[in-house]
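This is what each chain is made of:
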Amino acid sequence: MHSTNRAVAFAAILLSPIVTHAAADRHSQDAAQPAASYTFQGTVRAYSPKTGLDLITGVGMALRLVHVTAAPAAHGGGGAAASLAGLDLKAGDVVRVECHRAEEGLVADRIERVEVPKP
Amino acid sequence: MTPQRVAVVFLFSLVGCAKVVKPGDPVPGLTREQRDRFARGKVVFDSAFTPAAGLGPLFNATGCGECHEDPAAGGRGDEIEIHATAFHAPTCDPLVQEGGPVVQQHTTPALKQALGIDSEPFPPSATARAHRTSPVVFGRGLLDLVSDSVILSYADPDDRNHDGIRGRPGRSLDGRIGRFGRKAFVPSLHEFNAGAFPTETGVTDPEQPTEENVGGQPLPPGVDPVADPEITQDALDLADDFVRFLGAPTPVKLGKDGRRGRELFSQIGCASCHIPTLRTGGSPVRALAHRDFPAYTDLLLHDMGPDLADICLGVATPSDFRTEPLLDLRDAKRFLHDGQATTLEQAIDLHGGEGSGARDRFKVLSAADRSAIIAFLKAL
C-alpha cells in the first residue's frame, strides 16, 4: 500500500507541470478565440428591427424563448442590423438565426427565412 | 415428400413461429446488446425522481413510468394533463413567455414554500385549455422510422379525391414534418423523449438543459439546487432506447366477428385515416428497419370538427388532430386524446369533421356489424 501511495505521489509530481501547462494553454487559446457562435432554427414570436427577434425554439414539447438583438453599432448601417432591418418577418415565420453571445445577450449575425412547404 | 411440399410446410412453420409481441415487449430481433439497453433503459424509464435528484420544481409526474404503466411499462396512465395555447388565426402562440403549452400540475415543496403555489399558474393569455391523457408509447420506434415521403403520400389537403378527408402533415417549430404528440408537433422520437424529461418531470437533460420558467418569471433562488443538466446523456439515451425498442403489440387472433369487423372498418372509411399497416424506412437497428407493422394511423392532421376542438399547436388549428395510432386498444379504458369517451362506440360517435363520414356510416350499420367492428378494435 505504501509503495502504491508513493508511486501515485511521484506520478503527480511528474505530471503536474504538464497539466498546469495544458490548462494555461487552454486559457490563452480561449482568450484568442472569437466568441462562440450559435445557430437556432425556430418560429418567430415577435419581431422588430429595433428591439430584435423573439424566437420560439426547443426540444419536443420543452419550448423555450430565445431573444436575439442586433448589434448596437450596426443599427441603420451594414452588418447584422442590416440583415434584421431588411427582413419582413412576422409571427409564425420559420427562420434560421446565426448569432454570438455578447454582454447584452445574443446578437444576430445572420437571419434567413426557412421556406416551409405548404400545407 | 416432394421438395415443393417441404417448402410449403417450412413456410407454414415460419408463419406459425412468428413472434407474438405482447404489450410491453421489445420488437423481435434485437441484438443482445440492444436487449441489454432495453432492460437498462426500462430502469431509467421506471425511475421515480426526487427533488434531490432533479425533480421539478414544476412537474406532472415523478418519472415516465408513473403515467405510462398500464398494462406494462410504456403503456397508458389515468393521469390527465392540462395544455394551453393561444390561437390568433392563422398563428398559434404556444405561450412560451408564460410557461409553455404544458401546464404542470405539481410543484416541489421548495417551490411551494417560495411562491405558495401547488401547480403552474394557468397562462393568462391562453385562448383554450386542453385535457390530455397519457397514451401508450408502444411501437413509437417504428412510427419514428416512417419516412416523410410515406406520410406525404397519404396527404390530400385539397381533397382531390373528394372523399371529404384532407390530411396534412403537422410541422415542428423549425418546419420539419411532425409525427408525435396529439397535434403532430414533434418530428422525432428522440426529441420527444428529450423534451419529455424537462416538461413532464422537470428533470433537465443535455438536450434541454434549461428549466422552464414559472408563468414567465424566473425560478426563485434556491428552489432548484441540482445543477443542470440533471440527468446524463447516457441516461437519456437509455430511456430513449427503451421507448424506441418497444414493439407494436400483435393484434389478437380474430374470430369470425372480428374478421368481419376488419373488413367493415375499411369499407366504411375508417382505414382512410387509420391506415392499418405502415412500413419503416432504413435504420441502423435491423429489427426496426424496413418493417411492416400495425399502425392504424397516417400520422397526418385532420380537422375533427368543432366539438372536439381545443388548442392549436404548431400548424395544427384547434380542431386539427393527428390520427391516433390504434395500438393496444384491448387494454384501453378511456378513448380519444382527452379520455372523454369511456367506450369505443362513444369515441366513434364523437368523430366529427373529416371523421364524420365514417362515423355516419358506422351509425347506420346493423347492430351485429357495429359489434363486429368493436370486436375487431378490441383485438388491437
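This text follows the structure it describes.
Residues numbered from 1 in each chain as written. Chains lettered and ligands numbered in written order. Predicted model: local features only at pLDDT ≥ 70, side-chain atom pairs only at ≥ 80, totals over all residues. Heavy atoms only, no water.

**Student:** How should I be thinking about the overall build of chain B in this particular structure?
**Tutor:** Helix and strand content of chain B: 12 helices and 10 strands. Overall, chain B is about 80 × 50 × 35 Å in size when its C-alpha atoms are taken along their principal axes. Counting over 380 residues, chain B shows a buried share of 54%. The long-range fraction of contacts in chain B, counting pairs at least 24 apart against all pairs at least 6 apart in sequence, stands at 68%. For chain B, the accessible area works out to roughly 16,800 Å², and carbon and sulfur atoms hold 56% of it. Within chain B, one finds 39 positive and 51 negative side-chain charges whose respective centroids are separated by 10 Å. (Helix = DSSP H or I, 4+ residues; strand = E, 2+ residues; numbered from the N terminus. Buried < 20%, exposed > 50% of the residue type's maximum accessible area, 1.4 Å probe, protein only. Contact = heavy atoms within 4.5 Å. Areas by Shrake-Rupley, 256 points an atom, 1.4 Å probe, with all protein chains shown as cover. Lys, Arg positive; Asp, Glu negative; His and termini not counted. Charge placed at Lys NZ, Arg CZ, Asp CG, Glu CD.)

**Student:** What's the story with the nonpolar core in this structure? I'm lost.
**Tutor:** Across soluble globular proteins, nonpolar side chains show a tendency to be buried alongside one another. By size, the foremost hydrophobic cluster in this structure holds 54 residues, and its most contacted members are Phe 197 and Phe 293 of chain B. When contributions to this core are tallied by element, the ones reaching two or more residues are strand E2 (52-59) of chain A together with helix H2 (32-46), helix H5 (140-144), helix H7 (189-201) and helix H8 (233-245) of chain B. Looking at this core element by element, the count peaks at seven residues for H8 of chain B. If sequence neighbours within four positions are ignored, Phe 293 of chain B has contacts with Leu 142, Leu 143, Val 146, Ala 248, Pro 276, Thr 277, Leu 278, Arg 279 and Thr 280 of chain B. Among the nonpolar cores identified, the runner-up in size contains 25 residues, and Cys 270, Tyr 296, Ala 347 and Leu 377 of chain B belong to it. (Core = buried A, V, L, I, M, F, W, Y, C linked by side-chain atoms within 4.5 Å.)

**Student:** Before we go on, may I ask you to explain the environment of Glu 191 of chain B in this structure?
**Tutor:** Within the secondary structure, Glu 191 of chain B sits in helix H7. A relative accessible area of 17% means that Glu 191 of chain B is categorised as buried. For the pair Glu 191 of chain B and Gln 208 of chain B, spaced 17 residues apart in sequence, the C-alpha separation works out to 9.6 Å. The contact partners of Glu 191 of chain B, leaving out residues within four places of it in the chain, are Val 59 and Gly 60 of chain A together with Arg 176 and Val 186 of chain B.

**Student:** Explanation requested: the pairing of strand E1 (residues 37-48) of chain A in the structure shown.
**Tutor:** If a strand is regular, its side chains alternate between the two faces of the sheet. All names here are of chain A. Where E1 meets strand E4 (residues 94-102), seven bridges bridge the pair, whose relative direction is antiparallel. When the sheet's bridge partners are listed, Tyr 38 is paired in E4 with Cys 99. Examined bridge by bridge, E1 and E2 share five bridges and lie antiparallel to one another. Paired with Val 44 across the two strands is Leu 55, which belongs to E2. (Pairing = 2+ DSSP bridges.)

**Student:** Would you mind going over the packing of helix H9 (residues 256-267) of chain B against helix H12 (residues 367-377) of chain B with me for this structure?
**Tutor:** Each packed pair of helices is defined by two parameters, the angle between the axes and the distance between the axes. Residues and elements named next belong to chain B. Across the interface, H9 lies against H12 with an axial gap of 7 Å and an inter-helix angle of 100 degrees. Classified by the angle their axes make, H9 and H12 are roughly perpendicular. From H9, Asp 257, Gly 258, Arg 260, Gly 261, Arg 262, Leu 264 and Phe 265 reach across to H12, where they touch Asp 369, Ala 372, Ile 373, Ala 375, Phe 376 and Leu 377. (Axes fitted to C-alpha atoms, helices over the stretch in contact; angles between N-to-C directions. Parallel < 35°, antiparallel > 145°, perpendicular 65-115°, else oblique.)

**Student:** Looking at this model, I keep getting lost on a positive patch on the surface. Mind explaining?
**Tutor:** Residue and element names in this part refer to chain B. On the surface, Lys 253, Lys 256, Arg 259 and Arg 262 cluster together to form a positively charged patch. Structurally, the position occupied by Lys 256 is in helix H9. On the basis of relative accessible area, Lys 256 is assigned to the exposed category, the value being 71%. (Patch = residues over 30% accessible without salt bridge, like charges linked within 9 Å, V, L, I, M, F, W, Y side chains within 5 Å. Salt bridge = Lys/Arg side-chain N within 4 Å of Asp/Glu carboxyl O.)

**Student:** Teacher, can you tell me more about the interface of chain A and chain B here?
**Tutor:** Interfaces are frequently sized by the accessible area removed from exposure as the parts join. Each partner contributes to the interface: chain A provides 20 residues, whereas chain B provides 29 residues. Across the contact surface, chain A and chain B share one salt bridge. Of the charged contacts in the structure, one is a salt bridge between Arg 45 of chain A and Asp 93 of chain B, with a shortest N-O distance of 3.5 Å. Those elements that place two or more of their residues in the side of chain A that touches chain B are E1, E2 and strand E3 (62-69) of chain A. Looking at the side of chain A that touches chain B residue by residue, the classes come out as 11 nonpolar, seven polar and two charged. (Nonpolar A, V, L, I, M, F, W, Y, C, P; charged D, E, K, R; others polar.)

**Student:** So what exactly am I meant to see when it comes to the pattern of salt bridges here?
**Tutor:** Side-chain pairs of opposite charge can arise whenever the charged atoms involved come near each other. Taken as a whole and judged by the stated rule, the model has 28 salt bridges over all chains. Residue Asp 241 of chain B is joined to Arg 37 of chain B by a salt bridge in which the shortest nitrogen-to-oxygen separation is 2.5 Å. Highlighted residues: Asp 241 of chain B in helix H8 and Arg 37 of chain B in helix H2, separated in sequence by 204 residues. Put simply, Lys 333 of chain B and Asp 70 of chain B hold a salt bridge, and the shortest N to O gap is 3.2 Å. Placement of the pair is Lys 333 of chain B in the loop between strand E10 (320-322) and helix H10 (344-349) and Asp 70 of chain B in the loop between helix H3 (64-67) and strand E2 (80-88), with a sequence separation of 263 residues. Given the relative accessible area of 31%, Asp 70 of chain B is considered partly exposed. Within the structure, one salt-bridge network assembled from shared partners comprises Lys 90, Asp 93 and Arg 113 of chain A.

**Student:** Help me understand the state of the cysteines, please; the structure alone is not making it clear to me.
**Tutor:** In protein chemistry, a disulfide is the covalent bond that joins the sulfur atoms of two cysteines. All names here are of chain B. Counting across every chain of the model gives one disulfide over all chains. Two residues, Cys 92 and Cys 312, share a disulfide whose sulfurs are 2.1 Å apart. The S-S bond linking Cys 92 to Cys 312 shows a torsion near 80 degrees; that makes this disulfide right-handed. Residue Cys 92 is found in strand E3 (residues 91-93), and its partner Cys 312 is found in the loop between strand E9 (301-303) and E10; the two are separated by 220 residues along the sequence. With respect to class, Cys 92 is no different from Cys 312; both count as buried. Among the cysteines around Cys 273, which has no disulfide bond, Cys 270 carries the closest sulfur, lying 9.1 Å off. For Cys 273, a relative accessible area of 12% translates into the label buried. (Disulfide = S-S within 2.5 Å.)

**Student:** Sorry if this is basic, but what is going on with the pairing of E2 of chain B here?
**Tutor:** All names here are of chain B. Where E2 lies against strand E6 (residues 128-133), six bridges are found, and the strand directions are antiparallel. Counted as the bridge partner of Glu 81 is Arg 132 from E6. Inspection of the sheet shows E2 paired to E3 by three bridges, in the antiparallel sense. Note on E3: the bridge partner recorded for Phe 87 is Cys 92. Linking E2 back to E3 in an antiparallel pair, the connection comprises two residues.

**Student:** Whenever I open this one, the packing of aromatic side chains confuses me. Can you help?
**Tutor:** When we look at a pair of aromatic rings, we describe it by the centre distance and by the angle of the planes. For the coordinates displayed, the defined rule picks out eight aromatic pairs over all chains. Between Tyr 296 of chain B and Phe 376 of chain B the ring centres are 5.9 Å apart and the planes differ by 65 degrees, which places this aromatic pair in the edge-to-face class. Residue Tyr 296 of chain B is found in the loop between strand E8 (292-294) and E9, and its partner Phe 376 of chain B is found in helix H12; the two are separated by 80 residues along the sequence. A single burial state applies to Tyr 296 of chain B and to Phe 376 of chain B, both of which are buried. Linked through ring pairs, Phe 38, Phe 45 and Phe 242 of chain B together constitute an aromatic cluster. Lying across the ring of Tyr 38 of chain A, Arg 101 of chain A places its NZ or CZ 5.3 Å from the centre. For Lys 183 of chain B, the ring lying beneath its charged end belongs to Phe 321 of chain B, and the centroid distance is 3.9 Å. (Phe/Tyr/Trp six-rings, centres within 6.5 Å; stacked < 30°, edge-to-face > 60°. Lys NZ or Arg CZ within 6 Å of the ring centre and 35° of its normal.)

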